[in-house]
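# Secondary and tertiary structure notes
Single-letter residue listing:
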Amino acid sequence: MGRQATRTLDRGDGGGGLVRHTVLPSGLRIVTEAVPTVRSVTVGVWVGVGSRDESPTLAGASHYLEHLLFKGTKRRDALAISASIDAVGGEMNAFTSKEYTCFYARVLDADLPLAVDVVCDLVTSSVVRGADVESERGVILEEIAMHEDDPTDMVHDQFAQSLFGESSPLGRPVLGTVASIESIGRTAIAGYYRRRYRPQDMVVAVAGNIDHATVVRLVKRAFDSAGMLDGAAEPTAPRSGIAPSSSPGGVRVVRRTTEQANIVLGGLGVSRTDERRFPLGVLDAAIGGGMSSRLFQEVREKRGLAYSVYSYHAQYADTGLFGVYAGCVPRKVDDVLAICRDELAKVAAQGITFDELERGKGQLRGSLVLGLEDTGSRMSRIGKAELVYGELLSVDDILARIDAVTLDDVAAVSADLLTAPPTLAVVGPFDESRDFSAAVA
């Protein structure tokens, strides 16, 4: 059996707290950030499993399982889980993404032992009862229905499906489909739980007014009581994969009798470890990242064609996406698409201006630093860094990389990403025969 190893990752330069890291012989990683100036702590357990790990027959299993773990453990039923955190004025929740799942609780610093015990208990010791699988099935089907009733949410799923393809796990919705959720049984999801929730696939991240050694002791006690520290293993490395070589392009139209047309136009982006992510962040800000961005000014301010228009990007282990969203009345959709295509073409050919470069850098710097004002965001930063990046960049290092972005860097990433045939998703009162080919030509 291996030995426990502890090291310091970040001594707090750039406004962060002291970050310490311990690896247990089982492969479980514990990372903490001490913030002694606050009276709260946030405890998170990150698991390296998400919707892209699912087979088509298990589509939605990661999110389904996230729900089920709150239904009861060997020591607590569902009411006891929620009541224990409610009783101390804390908050507890979870979320599932395409590549990871996180369970977390935020409490007063004095209630750290309770938060660690409850969150670790539900992650390691869920009983996954058949009755709970059946009752929660209805809840998830309602969540899918609610999602599909909101075209502003639905259009992003349609865009991902069109961009990555329905056969790709990245192209499938995190929630799964009605068919897949209706077909998943207790045996299948309990097996998924046993296979995927292993110590070497988990990171426990804690930020706030804490002591690292105390956190390690509490986590070891919680995992040991569940029999999760008996074996020896190396921590699972951050996931990798083979990125798509090019964007497929194309149009996907979904008819909905709405008063508004919702569109997403875009293509492939960059992976989360690609150094071009910093120039892409600046590019995103210039195109559609705020009220001074090109799309906001051209589409909303000058022409009044849409209330909401913005750009965004998402990054995964091996690829990413970049998209432009707009919501407008159906008769204006062609005008909005034409402006979006025109602005993207201008940036691809000419780059951005120096003023846009400086504004973009300022947005990235501000969102980074201001986003670390609470223990929840600090917990997320260190947890994700350990699980999906395999390294923790200091705040000063990230700021330096943002400051180093040049106009040439932005021009290069623009030429790489904005010249490929675009993908378009449309949700609105249009027949599938409606011709949008001009928007992607």
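Residues numbered from 1 in each chain as written. Predicted model: local features only at pLDDT ≥ 70, side-chain atom pairs only at ≥ 80, totals over all residues. Heavy atoms only, no water.

### A closer look at the sheet that holds strand β12 (residues 423–428)
Pairing is mixed across the open sheet formed by five strands, whose spatial order is β8-β12-β9-β11-β10. Whereas interior strands pair on both sides, the edge strands pair on one side only; in this sheet they are β8 (250–255) and β10 (308–315). When strand polarity is set aside, the average angle formed by the axes of neighbouring strands in this sheet is 15°. Where strand β9 (residues 261–268) meets strand β11 (residues 320–328), eight bridges bridge the pair, whose relative direction is antiparallel. What sits directly across from L265, in β11, is V324. (Pairing = 2+ DSSP bridges. Helix = DSSP H or I, 4+ residues; strand = E, 2+ residues; numbered from the N terminus. Axes fitted to C-alpha atoms, helices over the stretch in contact; angles between N-to-C directions.)

### What to know about the packing of helix α9 (residues 277–288) against helix α15 (residues 407–417)
For the pair α9 and α15, interaxial distance at closest approach is 9 Å and the crossing angle is 85°. Relative to α15, α9 is oriented roughly perpendicular. Of the residues in α15, those touching α9 at P279, L280, V282 and L283 are D409, V410, V413, S414 and L417. Along the lines of polarity and charge, the residues of the contact of α9 with α15 split into seven nonpolar, one polar and one charged. (Parallel < 35°, antiparallel > 145°, perpendicular 65-115°, else oblique. Contact = heavy atoms within 4.5 Å. Nonpolar A, V, L, I, M, F, W, Y, C, P; charged D, E, K, R; others polar.)

### Digging into the sheet that holds strand β4 (residues 40–47)
Pairing between the strands of a sheet comes from backbone hydrogen bonds, and it takes one of two forms, parallel or antiparallel. Spatial strand order, β1-β2-β3-β7-β4-β6-β5: seven strands in an open sheet with mixed pairing. Edge positions in the sheet fall to β1 (5–10) and β5 (91–96), since each has one partner strand and no second. Across the sheet, the mean angle separating the axes of adjacent strands is 15° when strand polarity is ignored. With six bridges connecting them, strand β2 (residues 18–23) and strand β3 (residues 29–34) associate as antiparallel partners. What sits directly across from V23, in β3, is R29.

### Description of the pairing of β12
With six of its six residues buried, β12 lies for the most part within the structure. Alternating residues of β12 divide into T423, A425 and V427 and L424, V426 and G428, and every residue in both groups is buried. Strand direction decides the pairing type here: β8 and β12, joined by six bridges, are parallel. Pairing of V251 across the sheet is with L424, part of β12. Where β9 and β12 come together, five bridges link them in antiparallel fashion. Pairing of V264 across the sheet is with A425, part of β12. (Buried < 20%, exposed > 50% of the residue type's maximum accessible area, 1.4 Å probe, protein only.)

Treat this as a map of the structure, not an account of what it does.
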